[in-house]
Amino acid sequence: MVGQSCWKRLVHLCFIPVLMCLFFSPTGARAGTIYFQGFENADPPDLPQGCSVEILWEPSRINWATRRFGWAPYGVLPHSGSVMAYFNSGSVEIGGARLVLDGPLDLRGYSEAVLSIWVYHDNQRETFDLINLQVSTDGGTNWQFVGDEILRYSTEVGWKEEIIDLSAFAGNSAVLIGIRGLSYFGNDIHVDDISVTASGELDETQGEGGAGGCRAGSMDPLFLLFLVPLAVLSGRRRREEHP
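This one's a predicted model, so the numbers in the text were calculated from it and none came from an experiment. (Residues numbered from 1 in each chain as written. Predicted model: local features only at pLDDT ≥ 70, side-chain atom pairs only at ≥ 80, totals over all residues. Heavy atoms only, no water.)

K.L.:
Tell me what's going on with the pairing of strand β7 (residues 130-136), and back it up with residues and numbers.
P.N.:
When you tally the buried positions in β7, you get seven out of seven residues, the bulk of the element. Side-chain alternation along β7 places L130, N132, Q134 and S136 on one buried face and I131, L133 and V135 on a second face that is also buried. The pairing of β7 with strand β8 (residues 144-151) spans five bridges and is antiparallel. Looking at the pairing, I131 lines up with I150 of β8. Strand direction decides the pairing type here: β7 and strand β10 (residues 176-183), joined by seven bridges, are antiparallel. Note on β10: the bridge partner recorded for I131 is G181. (Buried < 20%, exposed > 50% of the residue type's maximum accessible area, 1.4 Å probe, protein only. Helix = DSSP H or I, 4+ residues; strand = E, 2+ residues; numbered from the N terminus. Pairing = 2+ DSSP bridges.)

Structure below.
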(Lines give C-alpha, C1' and ligand atoms only; values in the text may rest on other atoms or scores of the structure.)
Protein backbone atom coordinates (compact mmCIF):
# COMPACT_ATOMS: atom_id res chain seq x y z
CA MET A 1 0.00 0.00 0.00
CA VAL A 2 2.84 2.32 0.85
CA GLY A 3 4.45 1.67 -2.53
CA GLN A 4 1.25 2.37 -4.44
CA SER A 5 0.67 5.54 -2.46
CA CYS A 6 4.20 6.73 -3.23
CA TRP A 7 3.78 6.19 -6.93
CA LYS A 8 0.48 8.10 -6.98
CA ARG A 9 2.09 10.99 -5.16
CA LEU A 10 5.03 10.93 -7.54
CA VAL A 11 2.73 11.19 -10.55
CA HIS A 12 0.80 14.07 -9.00
CA LEU A 13 3.89 15.96 -7.90
CA CYS A 14 5.59 15.64 -11.29
CA PHE A 15 2.54 16.54 -13.38
CA ILE A 16 2.84 20.31 -12.94
CA PRO A 17 6.63 20.40 -13.55
CA VAL A 18 6.11 18.46 -16.79
CA LEU A 19 3.63 21.08 -17.99
CA MET A 20 6.06 23.83 -17.03
CA CYS A 21 8.79 22.15 -19.05
CA LEU A 22 6.53 21.97 -22.09
CA PHE A 23 5.23 25.51 -22.05
CA PHE A 24 7.57 27.63 -19.93
CA SER A 25 11.04 26.25 -20.63
CA PRO A 26 13.54 28.99 -19.68
CA THR A 27 16.17 27.80 -22.13
CA GLY A 28 16.27 26.15 -25.53
CA ALA A 29 14.98 26.89 -28.99
CA ARG A 30 12.23 29.32 -29.91
CA ALA A 31 10.44 29.75 -33.19
CA GLY A 32 7.80 32.05 -34.57
CA THR A 33 6.77 34.66 -37.12
CA ILE A 34 8.64 37.88 -36.38
CA TYR A 35 7.44 39.85 -39.42
CA PHE A 36 4.34 39.93 -41.63
CA GLN A 37 3.25 42.30 -44.39
CA GLY A 38 -0.07 41.65 -46.08
CA PHE A 39 -0.53 45.26 -47.34
CA GLU A 40 -3.95 45.48 -45.68
CA ASN A 41 -3.02 48.76 -43.98
CA ALA A 42 -2.36 50.41 -47.34
CA ASP A 43 -4.74 52.81 -49.09
CA PRO A 44 -4.21 51.89 -52.77
CA PRO A 45 -2.21 52.89 -54.68
CA ASP A 46 -0.12 53.98 -51.67
CA LEU A 47 2.22 51.57 -49.91
CA PRO A 48 1.86 50.77 -46.19
CA GLN A 49 3.56 53.12 -43.77
CA GLY A 50 7.26 52.35 -43.49
CA CYS A 51 7.58 50.83 -46.97
CA SER A 52 9.36 52.78 -49.69
CA VAL A 53 10.46 52.56 -53.33
CA GLU A 54 13.92 53.11 -54.78
CA ILE A 55 13.95 53.71 -58.53
CA LEU A 56 16.89 51.95 -60.19
CA TRP A 57 16.32 53.18 -63.75
CA GLU A 58 13.52 54.53 -65.99
CA PRO A 59 12.36 56.80 -63.14
CA SER A 60 9.49 58.49 -64.93
CA ARG A 61 7.19 55.46 -65.10
CA ILE A 62 8.48 52.44 -63.21
CA ASN A 63 7.06 51.92 -59.72
CA TRP A 64 5.78 49.68 -56.93
CA ALA A 65 2.27 50.32 -55.60
CA THR A 66 -0.77 48.55 -54.14
CA ARG A 67 -4.12 47.63 -55.65
CA ARG A 68 -7.22 45.56 -55.00
CA PHE A 69 -7.69 44.20 -58.52
CA GLY A 70 -5.14 43.36 -61.20
CA TRP A 71 -5.38 44.54 -64.80
CA ALA A 72 -2.28 43.00 -66.36
CA PRO A 73 -3.14 40.19 -66.38
CA TYR A 74 -6.80 40.99 -65.93
CA GLY A 75 -8.61 39.62 -62.91
CA VAL A 76 -5.80 39.06 -60.38
CA LEU A 77 -7.10 39.15 -56.81
CA PRO A 78 -5.00 39.33 -53.61
CA HIS A 79 -3.71 36.09 -52.17
CA SER A 80 -5.55 36.99 -48.96
CA GLY A 81 -7.41 40.02 -47.70
CA SER A 82 -8.31 42.81 -50.10
CA VAL A 83 -4.98 44.49 -51.00
CA MET A 84 -1.77 43.32 -52.71
CA ALA A 85 1.41 44.98 -53.95
CA TYR A 86 2.54 45.02 -57.57
CA PHE A 87 5.43 46.05 -59.80
CA ASN A 88 4.18 47.75 -63.00
CA SER A 89 6.25 45.76 -65.50
CA GLY A 90 3.16 45.50 -67.68
CA SER A 91 3.33 49.17 -68.62
CA VAL A 92 7.08 49.87 -68.80
CA GLU A 93 9.27 48.46 -71.58
CA ILE A 94 12.49 48.44 -69.57
CA GLY A 95 12.95 49.51 -65.96
CA GLY A 96 13.82 48.53 -62.44
CA ALA A 97 12.71 49.52 -58.94
CA ARG A 98 13.23 48.17 -55.42
CA LEU A 99 10.42 47.85 -52.90
CA VAL A 100 11.94 48.28 -49.42
CA LEU A 101 9.75 46.71 -46.76
CA ASP A 102 9.17 48.33 -43.40
CA GLY A 103 11.85 47.47 -40.90
CA PRO A 104 14.59 46.80 -40.07
CA LEU A 105 14.25 43.34 -38.55
CA ASP A 106 16.20 42.36 -35.44
CA LEU A 107 17.56 38.83 -35.87
CA ARG A 108 19.78 38.83 -32.80
CA GLY A 109 19.45 35.67 -30.75
CA TYR A 110 18.27 33.58 -33.70
CA SER A 111 20.23 30.96 -35.59
CA GLU A 112 17.82 30.46 -38.51
CA ALA A 113 15.44 32.67 -40.47
CA VAL A 114 13.21 32.00 -43.48
CA LEU A 115 11.26 34.42 -45.65
CA SER A 116 8.00 33.47 -47.36
CA ILE A 117 6.48 35.52 -50.18
CA TRP A 118 3.47 34.77 -52.36
CA VAL A 119 3.93 35.69 -56.04
CA TYR A 120 1.31 35.57 -58.78
CA HIS A 121 2.38 33.80 -61.99
CA ASP A 122 0.65 33.98 -65.37
CA ASN A 123 1.22 32.42 -68.80
CA GLN A 124 0.59 35.53 -70.91
CA ARG A 125 3.24 37.58 -72.72
CA GLU A 126 6.27 35.34 -72.31
CA THR A 127 8.91 37.86 -71.26
CA PHE A 128 11.53 37.92 -68.51
CA ASP A 129 9.79 40.17 -65.98
CA LEU A 130 11.16 39.08 -62.61
CA ILE A 131 11.83 39.93 -59.01
CA ASN A 132 14.82 39.26 -56.74
CA LEU A 133 14.81 39.26 -52.95
CA GLN A 134 17.59 41.36 -51.44
CA VAL A 135 18.92 42.07 -47.95
CA SER A 136 20.80 45.05 -46.55
CA THR A 137 22.48 45.18 -43.14
CA ASP A 138 23.86 48.71 -43.41
CA GLY A 139 20.70 50.78 -43.68
CA GLY A 140 20.18 50.28 -47.42
CA THR A 141 23.57 51.44 -48.65
CA ASN A 142 24.50 48.02 -49.99
CA TRP A 143 22.22 45.17 -51.01
CA GLN A 144 22.88 41.43 -51.30
CA PHE A 145 20.86 39.02 -53.42
CA VAL A 146 19.24 36.12 -51.59
CA GLY A 147 17.64 33.12 -53.24
CA ASP A 148 16.97 32.63 -56.93
CA GLU A 149 15.29 35.08 -59.27
CA ILE A 150 11.51 34.67 -59.46
CA LEU A 151 10.02 34.92 -62.94
CA ARG A 152 6.51 36.20 -63.47
CA TYR A 153 5.86 33.96 -66.47
CA SER A 154 4.98 30.34 -65.74
CA THR A 155 2.91 27.58 -67.27
CA GLU A 156 1.38 27.11 -63.80
CA VAL A 157 -0.99 30.04 -63.34
CA GLY A 158 -1.85 31.40 -59.91
CA TRP A 159 -0.34 32.29 -56.56
CA LYS A 160 2.76 30.37 -55.52
CA GLU A 161 4.68 30.55 -52.27
CA GLU A 162 8.40 31.21 -52.64
CA ILE A 163 10.74 30.40 -49.73
CA ILE A 164 14.02 32.26 -49.18
CA ASP A 165 16.61 31.25 -46.57
CA LEU A 166 17.83 34.22 -44.51
CA SER A 167 19.86 32.21 -42.01
CA ALA A 168 23.10 33.82 -43.22
CA PHE A 169 21.87 37.06 -41.62
CA ALA A 170 20.88 35.58 -38.27
CA GLY A 171 22.44 37.56 -35.45
CA ASN A 172 22.17 40.91 -37.25
CA SER A 173 20.28 43.66 -35.46
CA ALA A 174 19.18 45.68 -38.51
CA VAL A 175 18.09 43.60 -41.50
CA LEU A 176 16.28 45.39 -44.31
CA ILE A 177 14.41 43.35 -46.94
CA GLY A 178 14.05 44.59 -50.49
CA ILE A 179 12.24 43.24 -53.55
CA ARG A 180 13.94 44.30 -56.77
CA GLY A 181 11.65 44.25 -59.78
CA LEU A 182 12.90 44.20 -63.38
CA SER A 183 10.57 44.95 -66.26
CA TYR A 184 10.73 43.51 -69.76
CA PHE A 185 7.28 44.80 -70.77
CA GLY A 186 5.25 41.69 -70.03
CA ASN A 187 2.60 41.81 -67.31
CA ASP A 188 2.63 43.28 -63.82
CA ILE A 189 4.17 41.25 -60.99
CA HIS A 190 1.89 40.86 -57.98
CA VAL A 191 3.13 39.93 -54.48
CA ASP A 192 1.33 39.42 -51.18
CA ASP A 193 1.58 37.98 -47.66
CA ILE A 194 5.29 38.35 -46.93
CA SER A 195 6.48 36.84 -43.66
CA VAL A 196 9.72 36.04 -41.85
CA THR A 197 9.93 33.12 -39.43
CA ALA A 198 12.95 32.83 -37.14
CA SER A 199 14.16 30.18 -34.73
CA GLY A 200 17.16 29.50 -32.54
CA GLU A 201 18.53 29.83 -29.03
CA LEU A 202 17.38 32.51 -26.62
CA ASP A 203 20.99 33.45 -25.85
CA GLU A 204 23.28 34.62 -28.65
CA THR A 205 26.35 32.96 -27.14
CA GLN A 206 27.01 29.25 -27.41
CA GLY A 207 29.42 27.15 -25.34
CA GLU A 208 30.98 28.72 -22.27
CA GLY A 209 28.35 30.44 -20.18
CA GLY A 210 25.76 30.49 -22.97
CA ALA A 211 22.74 28.48 -23.99
CA GLY A 212 23.80 24.92 -24.69
CA GLY A 213 27.06 25.38 -22.77
CA CYS A 214 28.28 23.91 -19.48
CA ARG A 215 29.54 25.69 -16.41
CA ALA A 216 31.21 24.16 -13.38
CA GLY A 217 28.89 24.08 -10.38
CA SER A 218 25.75 24.90 -12.39
CA MET A 219 22.55 22.89 -12.59
CA ASP A 220 19.86 22.93 -15.25
CA PRO A 221 16.71 24.61 -13.82
CA LEU A 222 14.53 21.98 -15.51
CA PHE A 223 16.27 19.24 -13.53
CA LEU A 224 15.35 21.04 -10.32
CA LEU A 225 11.67 20.86 -11.29
CA PHE A 226 11.88 17.06 -11.03
CA LEU A 227 14.30 16.98 -8.10
CA VAL A 228 12.04 18.97 -5.77
CA PRO A 229 8.97 16.64 -6.06
CA LEU A 230 11.21 13.62 -5.46
CA ALA A 231 12.65 15.23 -2.31
CA VAL A 232 9.16 16.04 -1.01
CA LEU A 233 8.00 12.52 -1.69
CA SER A 234 11.02 11.04 0.09
CA GLY A 235 10.36 13.18 3.16
CA ARG A 236 6.72 12.13 3.34
CA ARG A 237 7.64 8.48 3.05
CA ARG A 238 10.12 8.74 5.94
CA ARG A 239 7.47 10.37 8.13
CA GLU A 240 5.00 7.57 7.35
CA GLU A 241 7.55 4.85 8.16
CA HIS A 242 8.86 6.60 11.31
CA PRO A 243 6.05 8.67 12.82
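K.L.:
Summarise the nonpolar core; cite the residues concerned and give the values.
P.N.:
Judged by nonpolar contacts, the single largest core of 37 residues is most densely connected at L115, L133 and L166. Every element with two or more residues in this core is listed here: β4 (84-87), β5 (95-100), β6 (112-121), β7, β8, β10 and β11 (189-201). Looking at this core element by element, the count peaks at five residues for β11. (Core = buried A, V, L, I, M, F, W, Y, C linked by side-chain atoms within 4.5 Å.)

K.L.:
Kindly report on the sheet that holds β5, identifying the contributing residues and their values.
P.N.:
Read across the sheet, five strands follow the order β2-β5-β10-β7-β8 without closing on themselves; strand pairing throughout is antiparallel. With one partner strand each, in any of the chains shown, β2 (52-57) and β8 form the two edges of the open sheet. Strand after strand, the sheet turns through a mean of 20° between neighbouring axes, direction not considered. Alignment of β2 against β5, held across five bridges, turns out to be antiparallel. Residue pairing across strands places I55 opposite A97, the latter belonging to β5. (Axes fitted to C-alpha atoms, helices over the stretch in contact; angles between N-to-C directions.)

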